[in-house]
Amino acid sequence: MLQPAMDRVKSSMQQVPNAIPKVIRRTGGANSLELERENFERGQAVSINKAINTQEVAVKEKHARTCILGTHHEKGAHTFWAAVNRLPLSSNAVLCWKFCHVFHKLLRDGHPNVIKDSMRNKADLADMSRMWGHLSEGYGKLCSIYLKLLITKMEFHIKNPRFPGNLQMSNRQLDEAGENDVNNFFQLTVEMFDYLECELNLFLGVFNSLDMSRSVSVTAAGQCRLAPLIQVILDCSHLYDYTVKLLFKLHSCLPADTLQGHRDRFQEQFKKLKSLFYRSSNLQYFKRLIQIPQLPENPPNFLRASALSEHISPVVVIPAESSSPESEHVVETEDLVDTDVPSLPAPPEVKFDDLFGTSAAIDPFNFNSQNGMRKDDKDRLIEQLTREIQALKEELESFRLESGRLCQALRGRVNELEAELAEQSHLRLQAAGESEFLKAELDDLRRAREDTEKEQRSLTEIERKAQANEQRYTKLKEKYTELVQSHADLLRKNAEVTRQMTVARAAQDEVEAVRREMQEKVKSAQEAADRQEREQVKQLQELQRELVSTQTELDSLKTIMASSQQSSEVLGTQLVALESEKAELVQTLSKVEAELAVQGEELQRVQSSLATERESGVKTAEALQNQLNEKESREQALESQLVAARWSSLQGAVGEAKRIIQDSLCQIDDPAHISCTSSADYLASRCQASLDSMERLQSAREAFLADNTAVLELVRVVTQCGHLVGDTIVQGSATSHMVPVEQADALSESVKTCGSEALALLGQMKQQDSLAAADCGKLRAALEAILTTAEKLRPRGLELQQGELGDLVEQEMAATSAAVESAAARIEEMLNKSRAIDTGIKMEVNERILASCTELMQAIKELILSSKDLQRDIVESGRGAASMKEFYAKNSRWTEGLISASKAVGWGATVMVDAADMVVQGKGKFEELMVCSHEIAASTAQLVAASKVKADKDSANLHRLQQASRGVTQATAAVVASTKSGKSQIEDTETMDFSSMTLTQIKRQEMDAQVLVLELETRLQKERERLGELRKKHYELAGVAEGWGEEEEGTG
């Protein structure tokens, strides 16, 4: 692909032979990127110097657009600031004014990094603003206001990065900018007010500097001043729309009195913006460039939530650029680089362009093609080929990376397959070994079955039971493994182990019965063999006795024969007889000997068979005994594994409980937990539940120590105790966020002590040696301490009895009336004292303020009387047959609201009198008196709301109460108005005289004033944040004291 490209280069070089020397001299060894960067910077410098010059004409759109595109090209504003820093902005007001206009366009439409790159020049812009601020008219004053606006815009976007430079956002993005926090929305609204205030100041400054009686918008000087207002109109339309939406959102979250200052400020800015939009729409200059929206006749009513649907966002429409007079062809005559340097002669410039060409052909940000500059064909071709080579290199590199990644993936896959193949081979060998072992065991069983049918049945039964026990053991082992892996299945697997143990015991009983049966059979066989042996021995002994007797008879016969031989003649006949008898006896003896031999052989055969049977019986007994021993060993191993499984399950439960408590302790140290709150009642219920679980833990531990099979109950109680103690720790920390600092520190310390004691107890229970010595007393004492603290922190209204609650309502209403009467008497006394002491303006101011305070006290007194009458009607109509105290006790939540509102009214009246006294004496602040007035209005509004919540809407007393409430509101407004008027009168008398001060003293005073302003702004920011936190804490404490959270739980 590179060869055809080189051929094209050669052909192009042959077609343009004269351009080669020029190009060589042009580049001078520099690469195309440097040339492109040089052309870009030169084009930007030309456009910036054309846009920002000393001529009092409007900035041309094409030059500003080139600057904007340049920021997107380099993704920042470095080139812009490098060119601007060379301009004499501090010496020419028109030049500074046009710089502000171009910079405003860059902030709105330029690259987002323009704001970040410009922040480093913020100090220079601030110094320039202060310098131009010393001028009271002309472009100097306008430049000072414009620079303040640009600084405010940069600070706003840096502080709120979600807002783009052109301020175009959707409603969802606007909600996300506040992060669903009312304090963020409150602060964002204040910042938008400040932003819009700077825009309006510039608007008014430009209009005040023009002579509106003449058609200034058609003159070049007038258009120079009016042109930046297009950007101001675009900003103001968005700021007005977002301010309205944010105020509606704040009114839905905060009381209306809290946002009174916001509404007043919006009303003022609304009037200014409406007037300025109307005046701008009538100017001929703006009619051709922008369509300005018109604001509604009246501002939105933020006190009515439905008014948001009536709000219409103002939309600014800018016609097509072709209709703008800036699109007309204009011949530029000023210098293209620097307005302060004399222009060069024309011929050298033409010669430079003829020799080297320009970058207008490839530079998308160079709009100077009207000067006749074109890029050389060879440069363009070389750059095109360079880009192609670079693209091919990048593509080749991507192919190389992709092939390397694929090779790596394939190698990994091959390794995985080899590992899988090795695992399969190992499993196959293992299966073959098990098969051989089973075959050998089967052959042994077959040989054992051939011995005897009876033993075969016994051995087959025993083998079947052994296999069943083996299967049960395997299942038990699998269950044990799953038990270790998953704590969630702990209880179910423990029950399975218990069931398997029961089956194993039943199998053991069966094996014991078989063993006893085999022993009895062997014993009976031995007894039968002994019995048969004794009979045979007995028969042998009888035959021996017969043989002995026969031999005895033979001896006697021999003796008789010897005696008979002596008398042969006498006994001849007897001899013959004896001979015959002898032969008969010999025959009988031979027969007896033969029978004896046969009986001896039979005895030997019986003895051999008996020995054989005895040997087989002994072997059978030994085999049975071996099997029995093997079963006993298996049962012992199973029992030990079961004990280990029980202890492992207990350790898992204890470990999980420790993790729960440790997580709770880490959670209370998390900064995000500071926003979590809880009530003392809920903390007390959690503590009581934890104490109950400690009792169950103690009994379950004792039961486990007595019988280790009772592990199921101990595991369940340990897990439950961990959850309850962890919940108590979290709720205790959350409750500490709602109480005073000293009580909060004590409660936090108790909670941490409880967590450490719980961890210590669980650590003892996790060790088998220290389980018996584990003591729950310290943890129980820590929980009781938290419970005691929670009982002390419970709201007082929850401890009142029925009779006390009714009496307290009457007491608080009477105390409020007395406080108001006392306040009115003190105000009258202060008024008399002021008339006697003060004179002039001070007496007039004090009389007006005290008179308005007196009217406010009279209105509050009327309100309290109306509230008493309305409460009496409510009690009479709602109590039925019950007494008044029983009605108050039945409606305790409403009664507590009345008590709280009455206290607030009486306290507000007392504080207001003290503030008025200090103001009259000249020691107080007018602002304190105004704040007290607003607080009294809010407290009376709370009293009215609490009084009419149960009233009949047609009640005459309710109508009187509402009239009295309006009277209090009007009296409060009168107090605030008289206070503001008096403050302004007193401040007007304090004139500032600088006639006797030197220039150095004035400069010193000016610096001190600036320092004081910065300090006050910082303090104002901190006090606003503190006010937001105080309001948030007040709402939380009020909710706990009056049971808002319990009501929500009850309704849920």
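Residues numbered from 1 in each chain as written. Predicted model: local features only at pLDDT ≥ 70, side-chain atom pairs only at ≥ 80, totals over all residues. Heavy atoms only, no water.

Chemist: Hey, could you run me through the overall build of the protein in this one?
Modeler: Secondary structure assignment for the protein yields 32 helices and zero strands. When burial is assessed residue by residue, the protein has 38% of its 1052 residues classed as buried. Taking as baseline every contact in the protein between residues at least 6 positions apart, the subset at least 24 positions apart corresponds to 79%. Summed over all atoms, the accessible surface of the protein reaches about 59500 Å², with 53% contributed by carbon and sulfur. (Helix = DSSP H or I, 4+ residues; strand = E, 2+ residues; numbered from the N terminus. Buried < 20%, exposed > 50% of the residue type's maximum accessible area, 1.4 Å probe, protein only. Contact = heavy atoms within 4.5 Å. Areas by Shrake-Rupley, 256 points an atom, 1.4 Å probe, with all protein chains shown as cover.)

Chemist: Explain the side chain of glutamate 199 to me, please; I cannot follow it from the model alone.
Modeler: Turning to its location among the elements, glutamate 199 is positioned in helix H11 (residues 182-209). For the buried residue glutamate 199, which engages in no salt bridge, the nearest side chain bearing the opposite charge is lysine 153, 5.5 Å off. Look past the residues within four positions of glutamate 199 in its chain and what remains in contact with it is Leu149, Val232, Asp235, Cys236 and Leu239. (Lys, Arg positive; Asp, Glu negative; His and termini not counted. Salt bridge = Lys/Arg side-chain N within 4 Å of Asp/Glu carboxyl O.)

Chemist: Can you help me understand the packing of helix H3 (residues 32-51) against helix H4 (residues 61-74) in this one?
Modeler: Between two packed helices, both the angle of their axes relative to each other and the distance between the axes serve to describe the pair. Viewed as axis vectors pointing N to C, H3 and H4 meet at an angle of 145°, and their least axial separation amounts to 8 Å. For the pair H3 and H4, the sense of crossing is left-handed. Together, Glu36, Arg37, Phe40, Gln44, Ser47, Ile48, Lys50 and Ala51 of H3 and His63, Thr66, Cys67, Gly70, His73 and Glu74 of H4 make up the contact between the two elements. Residues that form the contact of H3 with H4 fall into these classes: four nonpolar, six polar and four charged. (Axes fitted to C-alpha atoms, helices over the stretch in contact; angles between N-to-C directions. Left-handed = near helix turned anticlockwise from the far one by under 90°. Nonpolar A, V, L, I, M, F, W, Y, C, P; charged D, E, K, R; others polar.)

Chemist: I keep staring at the packing of aromatic side chains and nothing clicks. Help me out?
Modeler: Any pair of aromatic rings gets described here by the distance separating the centres and the angle formed by the planes. Tallied over the full model, the rule gives 18 aromatic pairs. Aromatic pair phenylalanine 156 and tyrosine 195: ring centres 5.2 Å apart, planes at 50°, arrangement tilted. Of this pair, phenylalanine 156 sits in helix H9 (residues 138-159) while tyrosine 195 is found in helix H11, placing the two residues 39 residues apart along the sequence. For the residue pair phenylalanine 156 and tyrosine 195, the accessibility class agrees, reading buried in each case. Joined through ring pairs, the aromatic side chains of Tyr240, Phe248, Phe266, Phe270 and Phe302 make up one cluster. (Phe/Tyr/Trp six-rings, centres within 6.5 Å; stacked < 30°, edge-to-face > 60°.)

Chemist: Please explain the packing of H11 against helix H13 (residues 229-251) as it appears in this structure.
Modeler: Interhelical geometry of H11 versus H13 gives an angle of 150° and a closest axis separation of 9 Å. With respect to their mutual orientation, H11 and H13 come out roughly antiparallel. In terms of crossing hand, the pair formed by H11 and H13 is left-handed. A breakdown of the residues in the contact of H11 with H13 according to their chemical character gives 21 nonpolar, two polar and three charged. (Parallel < 35°, antiparallel > 145°, perpendicular 65-115°, else oblique.)

Chemist: Where do I start with H4 in this structure?
Modeler: Each α-helix winds once per 3.6 residues, and so residues spaced three or four apart point in a common direction. Its 14 residues place the ends of H4 20 Å apart at the C-alpha level, agreeing with the 20 Å of an ideal helix rising 1.5 Å per residue. Here H4 has its buried residues at His63, Ala64, Thr66, Cys67, Ile68, Gly70, Thr71 and Glu74. Looking at the buried side of H4, the elements it contacts are H3, helix H5 (78-84), helix H6 (93-109) and helix H7 (113-118). Of the residues one or two after H4, lysine 75 is the one with positive phi, at around 55°. (Expected span 1.5 Å × (residues − 1).)

Chemist: How should the nonpolar core be read in this particular structure?
Modeler: Soluble globular proteins tend to pack their nonpolar side chains together in the buried interior. By size, the foremost hydrophobic cluster in this structure holds 98 residues, and its most contacted members are Ile52, Phe80, Phe99 and Phe163. Among all residues touching phenylalanine 99, those that are not within four sequence positions of it are Ile52, Phe80, Trp81, Val84, Leu89, Leu125 and Leu147. Leu650, Val654, Ala744 and Leu761 belong to the second-largest nonpolar core, a separate cluster that totals 44 residues. (Core = buried A, V, L, I, M, F, W, Y, C linked by side-chain atoms within 4.5 Å.)

Chemist: I'm lost on the pattern of salt bridges in this one. Help?
Modeler: Any two side chains of opposite charge can pair, on the condition that their charged atoms come close. Counting across every chain of the model gives 26 salt bridges. Between glutamate 268 and lysine 272 there is a salt bridge whose closest N-O contact spans 3.6 Å. Of this pair, glutamate 268 and lysine 272 both sit in helix H14 (residues 260-281), four residues apart, which is roughly one turn of the helix. Relative accessible area serves as the criterion here: at 25%, lysine 272 is assigned to the partly exposed category. Between arginine 1026 and glutamate 1023 there is a salt bridge; the shortest N-O distance is 3.8 Å. Taken together, the residues arginine 1026 and glutamate 1023, both in helix H31 (residues 999-1041) and three residues apart, mark about one turn of the helix. Classification of glutamate 1023 as partly exposed rests on a relative accessible area of 38%. In the salt-bridge network here, residues are joined through shared partners; they are Arg37, Glu41 and Glu74.

Chemist: Is there a simple way to think about the environment of valine 654 in this case?
Modeler: Mapped onto the fold, valine 654 is located in helix H20 (residues 572-669). Separated by 112 residues in the primary sequence, valine 654 and lysine 766 have C-alpha atoms spaced 6.3 Å apart. Leaving out residues up to four positions away in the same chain, valine 654 has contacts with Val718, Leu762, Met765 and Lys766.

Chemist: Would you mind going over unusual backbone geometry with me for this structure?
Modeler: Across residues other than glycine, the phi torsion is negative in most instances, and most of the peptide bonds are trans. Here the phi dihedral of lysine 75 falls at roughly 55°; this positive angle occurs in a residue that is not glycine. Relative to the elements of secondary structure, lysine 75 occurs in the loop between H4 and H5. Of note, asparagine 180 is a non-glycine position whose phi angle comes to about 55°, a positive value. Here asparagine 180 shows up in the loop between helix H10 (171-177) and H11.

Chemist: Would you mind showing me how to read the state of the cysteines here?
Modeler: Two cysteines joined by a covalent bond between their sulfur atoms form a disulfide. What the rule picks out here adds up to zero disulfides. You can see cysteine 143 has no disulfide; the closest cysteine sulfur is in cysteine 96, sitting 4.0 Å from it. (Disulfide = S-S within 2.5 Å.)

Chemist: Would you take a moment to explain the confidence of the model for the protein for this structure?
Modeler: Caution applies to low-pLDDT parts of the model: their predicted coordinates are not meant to be read in detail. Put simply, the protein has an average pLDDT of 76, and 78% of its residues get 70 or more. The secondary structure element of the protein with the lowest average pLDDT is helix H2 (residues 19-27), at 36, and the one with the highest is H6, at 93. Between residues 797-803, whose pLDDT stays under 50, and residues either more than four places distant or in other chains, the model counts 13 contacts. A low-confidence stretch, residues 1043-1052 (pLDDT under 50), is modelled with 10 contacts involving residues beyond four sequence positions or located in other chains. (pLDDT = per-residue confidence, 0-100.)

Chemist: Looking at this structure, how should I read the side chain of glutamate 74?
Modeler: Note on placement: glutamate 74 falls in helix H4. A distance of 3.5 Å separates a polar atom in the side chain of glutamate 74 from a polar atom in the side chain of arginine 37. Glutamate 74 has contacts with Arg37, Phe40, Thr79 and Phe80, leaving out every residue within four places of it along the chain. (Polar contact = N/O pair within 3.5 Å; in protein donor to acceptor, adjacent residues only side chain to side chain.)

Chemist: Looking at this structure, I do not really get H6. What am I missing?
Modeler: Relative to the 24 Å expected for 17 residues at 1.5 Å per residue, H6 spans 24 Å between its end C-alpha atoms, a close match to the ideal helical length. Extensive coverage of H6 is indicated by the burial of 16 of its 17 residues.

Chemist: In this structure, what is going on with the environment of valine 975? I would like to understand it.
Modeler: Here valine 975 shows up in helix H30 (residues 956-989). Distance from valine 975 to leucine 929, taken between C-alpha atoms, is 8.2 Å for residues 46 residues apart in sequence. Excluding anything up to four places from it in sequence, valine 975 contacts Ser852, Cys853, Leu856, Met912, Leu929 and Ser933.

Chemist: Help me understand the environment of methionine 518, please; the structure alone is not making it clear to me.
Modeler: Inspection of the secondary structure puts methionine 518 in helix H19 (residues 490-566). Between the C-alpha atom of methionine 518 and that of leucine 624, which follows or precedes it by 106 residues, the distance is 7.9 Å.

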